[in-house]
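# Summary of the model geometry
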2 protein chains.
Amino acid sequence: MKSPAANDRSSDPKHSARATRTAGRQMRSRLLDAASILFKQRGLAAVSIADIAASADAFPSQITYYFRTKEALFVEAACRDVLYVARAAEEHAGKQLSPQDYTRALVDSVLGSDAVGFFVEAMTLTRRRQDLAPLVERTVERLHAEGLRAYAAEMAARGWHSRLDPETSARRFWAIAIGVTLEGHAMGRSADASAAEMLRLLGPQADAPASAARLRVVGADASPQD
Amino acid sequence: MKSPAANDRSSDPKHSARATRTAGRQMRSRLLDAASILFKQRGLAAVSIADIAASADAFPSQITYYFRTKEALFVEAACRDVLYVARAAEEHAGKQLSPQDYTRALVDSVLGSDAVGFFVEAMTLTRRRQDLAPLVERTVERLHAEGLRAYAAEMAARGWHSRLDPETSARRFWAIAIGVTLEGHAMGRSADASAAEMLRLLGPQADAPASAARLRVVGADASPQD
């Protein structure tokens, strides 16, 4: 800590503690960014702490200071990525006009990135490394909870009717995304093929209130086939 | 090869070739049995070829002769296990009397063993080792095809009505089994908790023909709601 000699803000101990925290967060974030790119390209075994440090313009000791082990960094980067992709998927889906397009946008966004594959590797790691499980567990719980919150809010705002109770819908979405991603690795499926498979397995999720939509379009001139 | 000296069957070249093939199959099978037990207990990294050879009362060179690498043996053992468990699950489920009990028996049998967890590790391996993917790919295809065959046969034999087309049902069963198993590793779920989660996500799969059952009971006294 600096001595509180002068009267400028940078020498205020409170201010410099805050600056240190901010710098720490920025370094942590930079290390996670670099790790995410390298791990997704090459996998856990083929990436070293030195590789990540070099790519983030940092020292290897900074990685062990912030994350302790390469495996812990792997898991944290994977959890951050999948939560980020889930939120981006909800945003993209929220712009769609029909329940079908909403589900398709969710599926395309989630399976169109490497994030679920990366997260699947992190989940597999926890089978033998129970010390790494808590963060993955909290991430699965957040995927379920944030998925439920977003889905229930969309249904309510648009007057759509969910075919399943929304919590089961949200949990099933993620279990199928994980299962289809893992099958896709083995089957050599493209992202598009995985998305098509996931849509098939999900089936229709929700229905728009047909009568309300019809009333608006048809007006007074209602014909029987509408 | 032995010289065809005496007239006994063991000196017949054809017979001894057959005996060699049988002995080879038996050794292969013994190595797979030993590998399956050790890999499920300790995981890929913590088991050596020497451990498996010792446990199967064989030489390490026999493992490399039959399987080439530890990873290939891992994948073959995992694929064999999951196909075996799938067949046992169908047999167990085939004895149940209602669609609900049928689905529950399938789920309990499949998630009550380590086989899906073992297979999930094999699937994850193929992401980085595409040379190991073909066997896993064929195994997924067999799980889908044999699941479809068994499910469609049960529906037809019992007069049950599947809510989804049977192929989608069979594929969805396995994607959810894989997704729930992987989540379960991270969440520290028991086999029972994973089975309950899977049943929740599957929902009702099929219906017994209520009217037929009722007709038999009601007989001539059929009421209009039949």
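- Within an unreviewed UniProt entry, the label attached to chain A reads Transcriptional regulator, TetR family, and the organism entered is Bradyrhizobium lablabi.

## Comments concerning helix 7 (residues 133–158) of chain A
- With 26 residues, helix 7 of chain A extends 37 Å from end C-alpha to end C-alpha; this agrees with the ideal 38 Å at 1.5 Å per step.
- Of all the residues in helix 7 of chain A, the buried ones are Ala133, Val136, Thr139, Val140, Leu143, His144, Gly147, Ala150, Tyr151, Glu154 and Met155 of chain A.

## A look at the packing of aromatic side chains
- In total, this model carries 16 aromatic pairs over all chains according to the counting rule given.
- Judged by centre distance (6.4 Å) and plane angle (45°), the ring pair of Phe39 of chain A and Phe118 of chain A falls under tilted. With a gap of 79 residues between them, Phe39 of chain A in helix 1 (residues 13–42) and Phe118 of chain A in helix 6 (residues 115–128) connect regions that are remote in the sequence.
- Ring centres of Tyr102 of chain B and Trp160 of chain B lie 6.0 Å apart, and the angle between their planes is 70°; this geometry places the pair in the edge-to-face category. With Tyr102 of chain B in helix 5 (residues 99–111) and Trp160 of chain B in the loop between helix 7 (133–158) and strand 1 (161–162), this pair connects stretches of sequence that are 58 residues apart. The residues Tyr102 of chain B and Trp160 of chain B share a single accessibility class, namely buried.
- Aromatic rings pair up to connect Phe39, Phe74 and Phe118 of chain A into one cluster.

## Observations concerning helix 7 of chain B
- Restricting attention to buried positions, one finds in helix 7 of chain B the residues Ala133, Val136, Thr139, Val140, Leu143, His144, Glu146, Gly147, Ala150, Tyr151, Glu154 and Met155 of chain B.
- With its phi angle positive at about 70°, Gly159 of chain B sits one or two positions after the end of helix 7 of chain B.

## Let's talk about the interface of chain A and chain B
- Across the contact, 42 residues belong to chain A and 42 residues belong to chain B.
- Across the chain A/chain B interface, buried area totals approximately 3,500 Å², and carbon plus sulfur atoms make up 55% of it.
- Where chain A touches chain B, the interface holds 10 salt bridges.
- Measuring nitrogen to oxygen at the nearest pair gives 3.9 Å for the salt bridge that ties Asp165 of chain A to Arg200 of chain B.

## Here's the deal with the pattern of salt bridges
- Applying the stated criterion across every chain, the model contains 33 salt bridges over all chains.
- One salt bridge in this structure joins Arg87 of chain A and Glu146 of chain A, with 3.3 Å as the shortest N-O distance. In this pair, Arg87 of chain A is assigned in helix 4 (residues 70–94) and Glu146 of chain A in helix 7, connecting sequence segments 59 residues apart.
- Exposure remark for Arg87 of chain A: the relative accessible area of 37% places this residue in the partly exposed category.
- Each of Asp165, Glu167 and Arg171 of chain A together with Glu197 and Arg200 of chain B takes part in one network of salt bridges that share partners.

Reading the values: the criteria
- Residues numbered from 1 in each chain as written.
- Chains lettered and ligands numbered in written order.
- Predicted model: local features only at pLDDT ≥ 70, side-chain atom pairs only at ≥ 80, totals over all residues.
- Heavy atoms only, no water.
- Helix = DSSP H or I, 4+ residues; strand = E, 2+ residues; numbered from the N terminus.
- Expected span 1.5 Å × (residues − 1).
- Buried < 20%, exposed > 50% of the residue type's maximum accessible area, 1.4 Å probe, protein only.
- Phe/Tyr/Trp six-rings, centres within 6.5 Å; stacked < 30°, edge-to-face > 60°.
- Contact = heavy atoms within 4.5 Å.
- Buried area = accessible area lost by both parts, 1.4 Å probe.
- Salt bridge = Lys/Arg side-chain N within 4 Å of Asp/Glu carboxyl O.

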